[in-house]
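# Examining the three-dimensional arrangement
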Amino acid sequence: MPFVLFVLLAAACFGTTGTAQALGPEASAESVGAARILIGGGGLAAVALILHFAGGRRNGATGTSAAPTLGVARVATLASPGGRLPWWLLVAIGALGVLAYQPAFFAGTAANGVAVGTVVALGSAPVITGALDWALRRRYPGHRWLVATVIATVGVAILAAATSPGDAAAEPTGLLASLGAGASYAVYTLAAKALLDRGWSATGSMGALFGTAAVASLPLLLTTDAAWLATGPGLAMALWLGLVATTLAYVLFGIGLNELAPATVSTLTLAEPLTAGILGVALLGETLSAGAVIGLVVLSAGILVLAASGTRRTPVPSPT
């Protein structure tokens, strides 16, 4: 149960993104996204390095091995039955997932509106994560996960439709982009889980993925109009999105992912729109319609079903 709370706290941090952008200056989604990954990924890499060297000094002081975590990961890769890919390739794949998520998400919402884009992206992420985890690790996430995911996804659909009633289009390219966002989330979640299974620390795996993505996001940021970063409100927004909604959020996310199945973690992070809805009312003065309230209640019910199920660390083996 404590690890469920870590993931829910991470989702709460994710849920502050929309409010932070609403309170900040106008800026393009591409520019904000690149700045967020640059700051947040850099922060995650810094946390991972600090903890790594601190751990090395403690191990050296007690006379134990102070071998780098990376070396441990290499040994674990060779010993692991699932260690077919080298660690650096897993990091590269995960970083690509991190970089691809945000533009794919915004492309989906731009094509089909917030309602359809949000439902397809957020709703598909747990399903794709569970399906890939089942295919790659031969482990079925469990019937309770399936029930909870269906309930939570229905809640997201009701909430999105109620808050954006005019968005009813369904352009195929937009749907593919939204599915791409869900797949991108699944890719970096499973890449991080693979690193954890090979002996990496929670902060080490997240720091490697997002630190690599941060390096790649710098040239992307330079191609956008980043003048908003030179203002006080703009810098404050970037620091919040980077250090809280990314660095802190993914430290918590990694701790939970270390003990829970990727599919379970993916469904629990659907608490993000729940947090966003509450903050919209509390801080932005938004008013929720009856449909939106129903959506929040249904979404909460799905998350509670999963949180109360005991969420085992090891999913049920596939009946193959």
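Residues numbered from 1 in each chain as written. Predicted model: local features only at pLDDT ≥ 70, side-chain atom pairs only at ≥ 80, totals over all residues. Heavy atoms only, no water.

### Points about helix H12 (residues 290-307)
Between the first and last C-alpha of H12 there are 26 Å, a value that for 18 residues agrees with the 26 Å anticipated at 1.5 Å per step. Along H12, the residues that are buried comprise Ala292, Gly295, Leu296, Leu299, Gly302, Ile303, Leu306 and Ala307. Taken down its axis, H12 places every buried residue within 135° of arc, on the same side. Exposed side chains of H12 directed beyond 90 degrees from the buried face belong to Ala290, Val297 and Leu304. Among the structural elements, helix H1 (2-14), helix H6 (143-163), helix H10 (262-268) and helix H11 (271-284) are those in contact with the buried residues of H12. (Helix = DSSP H or I, 4+ residues; strand = E, 2+ residues; numbered from the N terminus. Expected span 1.5 Å × (residues − 1). Buried < 20%, exposed > 50% of the residue type's maximum accessible area, 1.4 Å probe, protein only. Arc of directions from axis to C-beta. Contact = heavy atoms within 4.5 Å.)

### A few points about the pattern of salt bridges
Applying the stated criterion to the full structure yields 2 salt bridges. Among the ionic pairs, Arg137 bridges to Asp133, the shortest N-O distance being 2.5 Å. Of this pair, Arg137 and Asp133 both sit in helix H5 (residues 87-137), 4 residues apart, roughly one helical turn. Notably, a salt bridge pairs Arg137 with Asp197, separated by 2.6 Å at the nearest N-O pair. Of this pair, Arg137 sits in helix H5 while Asp197 sits in helix H7 (residues 172-197), placing them 60 residues apart in sequence. (Salt bridge = Lys/Arg side-chain N within 4 Å of Asp/Glu carboxyl O.)

### Comments concerning a nonpolar patch on the surface
A cluster of nonpolar side chains, namely Leu146, Val150 and Val154, defines an oily patch on the protein surface of about 230 Å² accessible area. Here Val150 shows up in helix H6. (Patch = residues over 30% accessible without salt bridge, like charges linked within 9 Å, V, L, I, M, F, W, Y side chains within 5 Å. Areas by Shrake-Rupley, 256 points an atom, 1.4 Å probe, with all protein chains shown as cover.)

### Regarding the environment of Ala249
For Ala249, the location among the structural elements is in helix H9 (residues 232-259). Residue contacts for Ala249: discarding those within four places in its chain leaves Ala10, Cys13, Phe14 and Val244.

### Quick look at unusual backbone geometry
Positive phi, normally seen in glycine, also occurs at Arg138, with a value near 55°. For Arg138, the position within the fold is in the loop between H5 and strand E1 (139-140).

### Re the packing of H5 against helix H8 (residues 202-222)
Following both chains from N to C, one finds H5 and H8 inclined at 55°, their axes separated by 8 Å at the closest point. Comparing their axes, H8 and H5 come out oblique. At the point where H5 passes H8, the crossing takes the right-handed sense. For the pair H5 and H8, contact is made by Val91, Gly94, Ala95, Val98 and Leu99 and by Ala208, Leu209, Phe210, Thr212, Ala213, Ala216, Ser217 and Leu220, respectively. Classifying every residue of the contact of H5 with H8 by side-chain character gives 10 nonpolar, 3 polar and no charged. (Axes fitted to C-alpha atoms, helices over the stretch in contact; angles between N-to-C directions. Parallel < 35°, antiparallel > 145°, perpendicular 65-115°, else oblique. Left-handed = near helix turned anticlockwise from the far one by under 90°. Nonpolar A, V, L, I, M, F, W, Y, C, P; charged D, E, K, R; others polar.)

### A look at the layout of surface pockets
In this structure, the largest pocket occupies an estimated 1300 Å³ of space. Counting residues per element, the lining of the largest pocket draws most heavily on H5, at 12 residues. (1 Å grid on protein atoms, 1.4 Å probe; cavity = no way out; pocket = protein on both sides within 12 Å on 5 of 7 lines; lining within 4 Å. Points joined across faces, edges and corners; volume = space filled by probe spheres on them.)

### Some remarks on empty space enclosed by the protein
Enumeration over the complete set of coordinates arrives at 1 cavity of 30 Å³ or more. Counted as a void, the largest cavity has a volume near 40 Å³. Lining the largest cavity, in full, are Thr17, Gln21, Ala29, Val32, Gly33, Arg36, Gln102, Phe106 and Leu241. Those elements that place two or more of their residues in the lining of the largest cavity are helix H2 (17-23), helix H3 (29-61) and H5. At 4 residues, the largest contribution of residues to the lining of the largest cavity is made by H3. Looking at the lining of the largest cavity residue by residue, the class counts come to 4 nonpolar, 4 polar and 1 charged.

### So, the side chain of Ser217
Looking at the element boundaries, Ser217 is found in helix H8. A polar atom in the side chain of Ser217 sits 2.8 Å from the backbone oxygen of Ala214. Setting aside chain neighbours within four positions, we find Ser217 in contact with Ala34, Ile37, Leu38 and Leu99. (Polar contact = N/O pair within 3.5 Å; in protein donor to acceptor, adjacent residues only side chain to side chain.)

### Side note on the nonpolar core
Core analysis: the biggest nonpolar cluster contains 59 residues, and Tyr188, Met206, Leu209, Phe210, Tyr250 and Phe253 have the highest contact counts within it. Here Tyr188 is in contact with Gly94, Gly97, Val98, Tyr101, Leu209, Phe210 and Tyr250, once residues within four sequence places are set aside. (Core = buried A, V, L, I, M, F, W, Y, C linked by side-chain atoms within 4.5 Å.)

### Side note on the confidence of the model for the protein chain
The pLDDT averaged across the protein chain works out to 86; a share of 85% of its residues lies at or above 70. By mean pLDDT, helix H4 (residues 69-79) is the weakest element of the protein chain at 39, and H9 is the strongest at 97. Scored below 50 in pLDDT, residues 62-83 makes 24 contacts in the model with residues more than four places away or belonging to other chains. Contacts for the low-pLDDT stretch residues 314-320, under 50 throughout, to residues beyond four places or in other chains number 14 contacts. (pLDDT = per-residue confidence, 0-100.)

### A word on H5
The first and last C-alpha atoms of H5 sit only 17 Å apart over 51 residues, clearly below the 75 Å expected at 1.5 Å per residue. Most pronounced at Gly113, the bend in H5 amounts to some 135°. Looking one or two residues past H5, Arg138 carries a phi angle of roughly 55°, positive in sign. (Bend = angle between axes of the 7 residues up to and from the residue.)

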